[in-house]
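Take a look at the letters that make up each chain.
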Amino acid sequence: MAELARAAGAGQWAVLPGCPQPGVDRRDVVGLADRLGRLADVFGPGSVYAELTDHRLPEDSVAADAMWVAARRTGVPVVASGAVHYSAPRQARVAQALTALRRRETLDRAAGHLMAAPTAHLRPRAERAAFLSRYAGVADTTMSLGRSCVIDLADLRPELPEFAVPEGYTQDSWLRHLAEPACADRYGPRSAPHARAAWRQPDHELGLVAELGLTGYFLIVHDIVRYSAEQDIWCQGRGSAASSVVCYVLGITAVDPLRHGLLFERFLSLEKAGPPDIDLDIESHRREEVIQYVYTRYGRRHAAQVANIITYKPRLAIRFPVKFSVLKQGRRETGPRPLPHLLAKTCTCPLASASCAFESLTRGAERGPMMSLRSTPGTRDTRGIARRAEADDRAASPKHATARTRSITPNSCWASTSGNQADAHPLPGRSGVRALGQE
C-alpha cells in the first residue's frame, strides 16, 4: 500500500471509491466521508475523487446526494461516473454470468453481488446532463479529469530499458557471445563441414538484429527465459519466433527452424512493418514469480500488465453459461461434449453458432444423457447467455488473445498476463478511466 501511495503522489492517478460492497449503506454520509478521508490519507487529497453514479435504481438519487455531502465535508472533488458494466441492457445477463464466473459461484449464490436491474449501461448525453444539473461544477470537473486521461498513442516513443552487459562487451557482441556457443552445441562447431550451412542462418539473423537495433530486446527475452529455467518454471516461446535460429539456440523456443524449414523473414525482416513479437507461455500457477522478477529487474516504469479479450467459439459459448447456470450440477458437463457430432447431424448453417448448437442439444438430437436437456427455464436462460456471449465477442474480440503469456515488446517493456493481479504501471496522464464512463 505504501508503494501505491508513493506512485499516486506523482499526480498521475485518479482514485475513485468504486462500486460499494453488498450490504454497505450508500446513504450513510458519515461512512462515506470516512471512506473518502481514508483514501485521501493514503493516496493524497489531490488524487482522490468522490463519484456520483445513477443507474436509475430506487436509492441512487439519495445515494448520490449522500456522496455529494460527504465530498463537501472532506474537501474531495466530485466527478460523475457511469459505473458502466456493459454497453447496452441486452448484455446485462452476460455481465451477471461473468461476475458469477469470476466469483466461482452459480448465479443463484452470487445474487447478492449482481446488479439488481439491467441499468448499468452507457447513457445518452442529455440524460447525464439532467442528472448532473443538481450538482454544481461536477460536469466541468468530470470533463477536466476525462481530458487529462486522454493519451495520444502516436506521441508515445518508449524505449527498452538498458540491458547491462559485462565489461568489454556491447549488447551486439554479448548476444553473439551467448548465441555462438549455443549454436555450436546444437549444430556442431563452425569449422565442421556438416555445420557450415547451419551457421550461415544465425550469422544472418544476428546481423539483421543488430542492424534493426533489437539486440536489447532479444537479451531481455533471453533473460526472462533464463530466470524461469533457473527457478524451474516452465517457459516456452511460441508464434513466429519459432522461425528464428537465434531464439532456438538460446532456448527461447523449442523447435529447430532449420530442420523444419521455417522462414525467418516471417518473424523479422527489413521489409516487415513493425517490430517482432516474442510470446512466452509461462507455467500458470508460477507466472506471478516471473512478473515480480520483471518488475524488480527492469523497474515499474518499463513493465506493465495488459489485458486481452477472449473470443468464445460455439463450444465454449455453451460451456461458459452452463458452468454456473441454473442447470443442476450433475448435468453441467454433459452439454458441450457431443456438440461437434450433433452439429454435423442437425445444423445446416454455413457457420455453426452457439445458438443453433444449443437448439440441437435441447431438441434431443441424440439419445442418451442429452435427452435431459429439453427446453426448460434453466436451459432457455443458458441458451440466451450463450447466444449473447458469442455474439458480443464475435463483434468485438481480437483473434490474437495472449492469455497465459508474458511478452516484452521493442516499443515498451510489457509483461502481459491474464488474471486478476492489480499491478499496472500508470501510463503518462491520469489513469482514472471510470471518470469517462467506462469500467
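For the structure itself, look to the data block above.
On a predicted model such as this, the values are computed, not experimentally measured, just so you know.

## Some points on the pattern of salt bridges
Move 1: Enumeration according to the criterion identifies 19 salt bridges in this entry.
Move 2: Taking the shortest distance from any N to any O, the salt bridge between Asp-203 and Arg-176 comes out at 3.4 Å. Taken together, the positions of Asp-203 in helix H8 (residues 196-211) and Arg-176 in helix H7 (residues 171-187) put the pair 27 residues apart, joining distant regions of the chain.
Move 3: Note on Asp-203: relative accessible area 26%, which makes it partly exposed.
Move 4: Residue Arg-176 is classed as partly exposed on the basis of its relative accessible area of 29%.
Move 5: A salt bridge links Arg-190 to Asp-203; the nearest nitrogen and oxygen atoms lie 2.7 Å apart. Here the residue Arg-190 occupies a position in the loop between H7 and H8, and Asp-203 occupies one in helix H8, the gap between them amounting to 13 residues.

## Thoughts on the nonpolar core
Move 1: Among the nonpolar cores identified, the biggest contains 44 residues, and Phe-218, Val-249, Ile-252, Phe-267, Ile-278 and Leu-280 are the most heavily contacted of them.
Move 2: When residues in this core are grouped by element, the largest group, seven residues, is from helix H9 (residues 215-230).
Move 3: In terms of nonpolar packing, the next biggest core, distinct from the first, is built from 25 residues, Met-67, Ala-80, Phe-131 and Tyr-135 among them.

## So, the packing of aromatic side chains
Move 1: Within this structure, the stated rule accounts for nine aromatic pairs.
Move 2: Measuring from centroid to centroid gives 6.1 Å for Phe-218 and Phe-267, while their planes differ by 80°, and the two rings are edge-to-face. Within this pair, whereas Phe-218 is found in helix H9, its partner Phe-267 is found in the loop between helix H10 (245-249) and strand E4 (279-282), the two being separated by 49 residues in sequence. Each member of the pair, Phe-218 together with Phe-267, is buried.
Move 3: Grouped by ring-pair contacts, the aromatic residues Tyr-217, Phe-218, Phe-264 and Phe-267 constitute a single cluster.

How each quantity is defined
- Residues numbered from 1 in each chain as written.
- Predicted model: local features only at pLDDT ≥ 70, side-chain atom pairs only at ≥ 80, totals over all residues.
- Heavy atoms only, no water.
- Salt bridge = Lys/Arg side-chain N within 4 Å of Asp/Glu carboxyl O.
- Helix = DSSP H or I, 4+ residues; strand = E, 2+ residues; numbered from the N terminus.
- Buried < 20%, exposed > 50% of the residue type's maximum accessible area, 1.4 Å probe, protein only.
- Core = buried A, V, L, I, M, F, W, Y, C linked by side-chain atoms within 4.5 Å.
- Phe/Tyr/Trp six-rings, centres within 6.5 Å; stacked < 30°, edge-to-face > 60°.

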